[in-house]
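So the chains spell out like this:
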Amino acid sequence: AQSVTQPDIHITVSEGASLELRCNYSYGATPYLFWYVQSPGQGLQLLLKYFSGDTLVQGIKGFEAEFKRSQSSFNLRKPSVHWSDAAEYFCAVGAGSGGYQKVTFGTGTKLQVIP
Amino acid sequence: SQTIHQWPATLVQPVGSPLSLECTVEGTSNPNLYWYRQAAGRGLQLLFYSVGIGQISSEVPQNLSASRPQDRQFILSSKKLLLSDSGFYLCAWTNLGGGIYEQYFGPGTRLTVT
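Residues numbered from 1 in each chain as written. Chains lettered and ligands numbered in written order. Predicted model: local features only at pLDDT ≥ 70, side-chain atom pairs only at ≥ 80, totals over all residues. Heavy atoms only, no water.

### Focus on the packing of aromatic side chains
Within this structure, the stated rule accounts for 15 aromatic pairs over all chains. Between phenylalanine 105 of chain A and phenylalanine 105 of chain B, the aromatic rings sit 5.8 Å apart at their centres with planes inclined by 75 degrees, giving edge-to-face as the arrangement. Of this pair, phenylalanine 105 of chain A sits in strand S11 (residues 100-105) while phenylalanine 105 of chain B sits in strand S10 (residues 100-105), which puts the two residues in different chains. In this pair, the class of phenylalanine 105 of chain A matches that of phenylalanine 105 of chain B, namely buried. One aromatic cluster is present, formed by Tyr32, Phe34, Tyr36, Phe51 and Phe105 of chain A together with Tyr34, Tyr36 and Phe105 of chain B through successive ring pairs. (Phe/Tyr/Trp six-rings, centres within 6.5 Å; stacked < 30°, edge-to-face > 60°. Helix = DSSP H or I, 4+ residues; strand = E, 2+ residues; numbered from the N terminus. Buried < 20%, exposed > 50% of the residue type's maximum accessible area, 1.4 Å probe, protein only.)

### Some thoughts on the sheet that holds strand S7 (residues 65-70) of chain B
Residues and elements named next belong to chain B. The antiparallel open sheet is built from 4 strands, whose spatial order is S1-S3-S8-S7. This sheet does not close on itself; its edge strands, each paired only once, are strand S1 (3-7) and S7. This sheet shows a mean twist of 20 degrees between the axes of neighbouring strands, independent of strand direction. Of the strand pairs in this sheet, S7 and strand S8 (residues 73-78) are connected by 4 bridges, and their pairing is antiparallel. What sits directly across from alanine 66, in S8, is leucine 76. (Pairing = 2+ DSSP bridges. Axes fitted to C-alpha atoms, helices over the stretch in contact; angles between N-to-C directions.)

Take a look at the structure:
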């Protein structure tokens, strides 16, 4: 069974600073990997996804993530954080066959942006 | 384009009362549908998933049940709510037939059991 670990529960960065959110996964084969963002009281919005190919993937809102198989990681990055990026971020790993896909989510990292 | 709706947006119910949360998807056919619960400060817990009409699988034993009476409708129910049922309930869909594996989420329902 797959699993996801987000080691940082809460991160605070200054506006304009760079950001890296960590994500480690456990899965026997090549995983499907996702990053989602959730604003308070809202549903989850997909930021980016990795299925195969180029290990550096670009997403919406200026985010990118890099898949590193050797480290079982899929860290999310942004070169310059904006105040509107304050939210909770979830890493997820998907696996499945036969018409069903199960996605396992990490426990989330809450991002605070200070001016 | 596809959209997903959930209602109600918020709900306050007494312990022991019944529950019905509804999720509908527009703009796609034969989606896989999912119910998650998100407790305060925790990640998402998968409750149920459905790959077709009338086909429901439960991930964890609990006080809740799910039904899929139509292709794009997914309902979460309970006969008698418990305090521990409080949380944020999210519905999601994916369409494997189209080669799309990411899940798309609805806006959620905030349930408070008093």
